[in-house]
Amino acid sequence: MDPSPIVSSYTPLKNPIKITRHCWPKETKPLVTICCVTYNHEKYIRNCLDGILMQETTFPVEILIHDDASTDNTVSIIKNYINNYKNLFKTIFQIENQYKKGVQIGKMLWKKATGDFIASCEGDDYWTDKKKLQIQIDILLSAPEYSMCFHNAEIVNEVKKNKSFYSKINSITTYSIRDLAYSNFIPTATRVFRNYQYDFPEIFSKLPAADWGQNMLVAEKGKIVYLPRCMSVYRIHSQGVWSRLSGEEMRAKGIEVMEILDKAFGYRFHKDFVKGINARKKGTSGGLFTNFKKSNSKKIPQKITAYPSKSFFISQPNLNLQSLDIYLLHQLIYEAFKSQHHRLQGRLLDVGCWLASCKQVLNPSDTGVSHYMGLEFADNPNHEVQPDLYWVDDCIPLSDASVDSALCVEVLEHCSAPELVLTEIYRVLRPNGVVLFTVPFLWPLHEVPYNQHRYTHFAIHRYLQKAGFDNIELHSMEGWDQSLAQVFGLWLRRRPMNRLLRFVFSVMAYPVYCWLIRKKSTTLEKSRGQAMIVGLWGTAVKRSQALKADACSPVSLTDDVNKKVL
């Protein structure tokens, strides 16, 4: 591996500040060059540039933009930004499209980059976390054996009108060039890498996807490290080079790229390329890296593993023939988190271990969660994960006012004494701490005999008030049409029937189901008190006055629990 090429001479700022406020001496060499490639991105380029300019760092940066002869207003938008921040930008505005000529634009930009590190963000993607660059550079500076750091990304699909996340791996993980030979799993806008002198093979000009070859060139120089923190958006739209292709065309292009790369790297990783090609032919590999095994965390430098990734998120549910029974309930949970996850702070108590069991995580840029604790009920054998704590002797084994926020997702319907559970959550919460909860209404019996209740607005409000909570906010997914869709979906997916019949019924009913879930409850239904509900979610806050007395004498937080950083 080449030695680390850190040669920038500058005195770091004491604290990160917005790069638009930086004022370095004129001769200062940037530590990071941000490379941005654009072509007909007038709809998206503002998001891209805003995400770059909001970065807060302690080091100097430069922004190198290459526009490949856009025919829309992309260039004029870029020029407006340059007028405001001339000291940050370097630009290349092409008159003729270089991509169509087979020019390696990445090779051109990397040679013009003067920073010791290069960050990438194409004009139709954008960064969402103001600390992104600082986080990745801190890690690469602390671990010279790593040539690249990349992270999770949100996928915004403008074609299918949905959102998801690139990976569900929620731990820091390392990969090698052999992993990349199997599949290109690095979203371009997430990568920051060392600016070595890279040798671009001429055959790279034949690549329909240049980023795959670029990633392998970097991985040749050292290991690459993945962070679970989501800090950018990868956009899929109808004009994208890849997204306009059909699934079959995408697989064929992927195989073409792999065959070119196999030759470019002298067949040194031939076995891995062959595995990847065969997986694509079978349709079992599409490029996402959820199939990759997690590395041994002991081999990752302690400076990296100690970094608080704070990377939990919850994905928007996907509607398809297989999700007709669970879609609406998952949508209710998604809506609850989407609007309230920023209120989850500090030490988080997850009653029922919902986050851990679903392998879900909270949005990193909006949450202040620092420690996670999962609690389960010892008498319920249906545990999917190993909890940190157990409910013992009608108590949560934590001290009074020892957590900052709490989750209670799809739990209260299983509690024989919900008022006791809510009173205990109230006790362990600090003053002004918030609890976020969801409960189903139209749902089959499950986890029998632990399925005890279904709640109306009035019942759940009464239990919360009795427990001492204030500022109670309740929301429901309601309406006769959505309720019918829920029952319809459950019947289609869970009624005993043969596989062919289920498929035929599901295909026939799918348009009706979609029509029903788009309908909202009417004012007339609500005014007559006749609204049906699918489920409820809400928040409640612990009063700031003196804590309620409680006879329980729980133990204090253990050191192990204190140290469980997300």
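Residues numbered from 1 in each chain as written. Predicted model: local features only at pLDDT ≥ 70, side-chain atom pairs only at ≥ 80, totals over all residues. Heavy atoms only, no water.

**Section: the environment of Pro30**
Within the element layout of this structure, Pro30 appears in the loop between strand E1 (17-18) and strand E2 (32-38). Measuring from C-alpha to C-alpha, the distance between Pro30 and Val61 comes to 4.7 Å, with 31 residues separating the pair along the chain. (Helix = DSSP H or I, 4+ residues; strand = E, 2+ residues; numbered from the N terminus.)

**Re the pattern of salt bridges**
Enumeration according to the criterion identifies 14 salt bridges in this entry. As a salt-bridge pair, Arg178 and Asp272 come within 2.9 Å of each other at their nearest N and O atoms. Highlighted residues: Arg178 in helix H5 (residues 177-182) and Asp272 in helix H8 (residues 270-282), separated in sequence by 94 residues. Its relative accessible area of 46% is what places Arg178 among the partly exposed residues. Here Glu256 and Lys253 are joined by a salt bridge, their closest N and O atoms 3.9 Å apart. Residue Glu256 and its partner Lys253 are located together in helix H7 (residues 247-264), separated by three residues, close to a single helical turn. Relative accessible area serves as the criterion here: at 31%, Lys253 is assigned to the partly exposed category. Counted as one network, the salt bridges with shared partners bring together Asp400, Glu424 and Arg427. (Salt bridge = Lys/Arg side-chain N within 4 Å of Asp/Glu carboxyl O. Buried < 20%, exposed > 50% of the residue type's maximum accessible area, 1.4 Å probe, protein only.)

**Describing the packing of helix H12 (residues 418-428) against helix H13 (residues 457-467)**
Contact pair H12 / H13: the axes reach a minimum separation of 8 Å and the direction vectors enclose 45°. Classed by the angle they form, the pair H12 and H13 counts as oblique. Regarding H12 and H13, the two cross each other, and that crossing is right-handed. Contact residues: H12 offers Pro418, Glu419, Leu422, Thr423 and Tyr426, while H13 offers Tyr463, Leu464 and Ala467. Class assignment of the residues belonging to the contact of H12 with H13 gives a composition of six nonpolar, one polar and one charged. (Axes fitted to C-alpha atoms, helices over the stretch in contact; angles between N-to-C directions. Parallel < 35°, antiparallel > 145°, perpendicular 65-115°, else oblique. Left-handed = near helix turned anticlockwise from the far one by under 90°. Contact = heavy atoms within 4.5 Å. Nonpolar A, V, L, I, M, F, W, Y, C, P; charged D, E, K, R; others polar.)

**Describing the confidence of the model for the protein chain**
Per-residue pLDDT for the protein chain has a mean of 81; in total, 82% of the residues score no lower than 70. Mean pLDDT values over the elements of the protein chain span from 31, in helix H17 (residues 559-562), up to 97, in strand E4 (residues 61-67). Scored below 50 in pLDDT, residues 305-313 shows 39 contacts in the model against residues more than four places distant or in partner chains. In the predicted structure, residues 361-366 sits below a pLDDT of 50 and forms 30 contacts with residues beyond four places in sequence or in another chain. (pLDDT = per-residue confidence, 0-100.)

**Considerations on the nonpolar core**
Formed by 40 residues in total, the largest nonpolar core has its most connected members in Trp110, Tyr198, Met216, Leu261 and Phe265. Within the residue set of this core, elements represented by two or more residues are helix H3 (105-112), strand E8 (146-157), H5, helix H6 (210-219), strand E12 (223-236), H7 and H8. With residues up to four places along the chain from it excluded, the contact list for Met216 reads Ile177, Leu180, Ala181, Leu261, Phe265, Phe269 and Phe273. Grouped together as the second largest cluster of nonpolar side chains are 38 residues, Ile45, Leu53, Ile63 and Trp127 included. (Core = buried A, V, L, I, M, F, W, Y, C linked by side-chain atoms within 4.5 Å.)

**Description of the packing of aromatic side chains**
Each aromatic ring pair is characterised by the separation of its centres together with the angle its planes make. The tally for this structure, following the rule as stated, stands at 17 aromatic pairs. With 6.1 Å between their ring centres and 85° between their planes, Tyr455 and Tyr463 make a pair best called edge-to-face. Neither residue differs from the other here; Tyr455 and Tyr463 are each classed as buried. Put simply, the rings of Trp110, Phe193, Tyr196, Tyr198, Phe200, Phe204, Phe265 and Phe269 pair up and form one aromatic cluster. (Phe/Tyr/Trp six-rings, centres within 6.5 Å; stacked < 30°, edge-to-face > 60°.)

**Details of H8**
For H8, built from 13 residues, the straight-helix expectation of 18 Å at 1.5 Å per residue is met to within 8% by its first-to-last C-alpha distance of 18 Å. For H8, the complete set of buried residues consists of Asp272, Phe273, Gly276, Ile277, Ala279 and Arg280. Burial along H8 is one-sided: seen end-on, the buried residues are contained in an arc of 160°. Residues of H8 that are exposed and angled more than 90 degrees away from the buried face: Lys271, Lys275, Lys281 and Lys282. Note on H8: the residue one or two positions beyond its end, Gly283, has a positive phi of about 80°. (Expected span 1.5 Å × (residues − 1). Arc of directions from axis to C-beta.)

**Describing a nonpolar patch on the surface**
Taken together, the side chains of Leu500, Phe503, Val504, Val507 and Met508 present a nonpolar region at the surface, about 500 Å² in accessible area. Its location among the elements puts Met508 in helix H15 (residues 499-518). (Patch = residues over 30% accessible without salt bridge, like charges linked within 9 Å, V, L, I, M, F, W, Y side chains within 5 Å. Areas by Shrake-Rupley, 256 points an atom, 1.4 Å probe, with all protein chains shown as cover.)

**A look at unusual backbone geometry**
Backbone geometry at Asn40 places phi at a positive 50°, although glycine is not the residue there. Mapping Asn40 onto the fold places it in the loop between E2 and helix H1 (45-53). Judged by relative accessible area, which is 27%, Asn40 ranks as partly exposed. Of note, the phi angle at Glu410 is positive, near 55°, even though the residue is not glycine. Relative to the helices and strands, Glu410 resides in the loop between strand E16 (403-409) and H12. With a relative accessible area of 16%, Glu410 lands in the buried category.

**Structural notes on the packing of helix H14 (residues 480-494) against H15**
Direction vectors running N to C along H14 and H15 enclose 165°, while the axes themselves pass 10 Å from each other. Taken together, H14 and H15 sit at an angle that is classed as roughly antiparallel. By crossing handedness, the relation of H14 to H15 is classed as left-handed. The residues of H15 that touch H14, namely those facing Asp481, Gln482, Leu484, Ala485, Phe488, Gly489, Trp491, Leu492, Arg493 and Arg494, are Arg502, Phe505, Ser506, Ala509, Val512, Tyr513, Leu516 and Ile517.

**Overview of helix H10 (residues 327-340)**
Counted at 1.5 Å a residue, the expected span for H10 with its 14 residues is 20 Å, and the 20 Å between its end C-alpha atoms agrees. The buried fraction of H10 amounts to 10 of the 14 residues, a majority that puts the element mostly inside the structure. Within the span of H10, buried status applies to Tyr327, Leu328, Leu329, Gln331, Leu332, Ile333, Tyr334, Ala336, Phe337 and Gln340.

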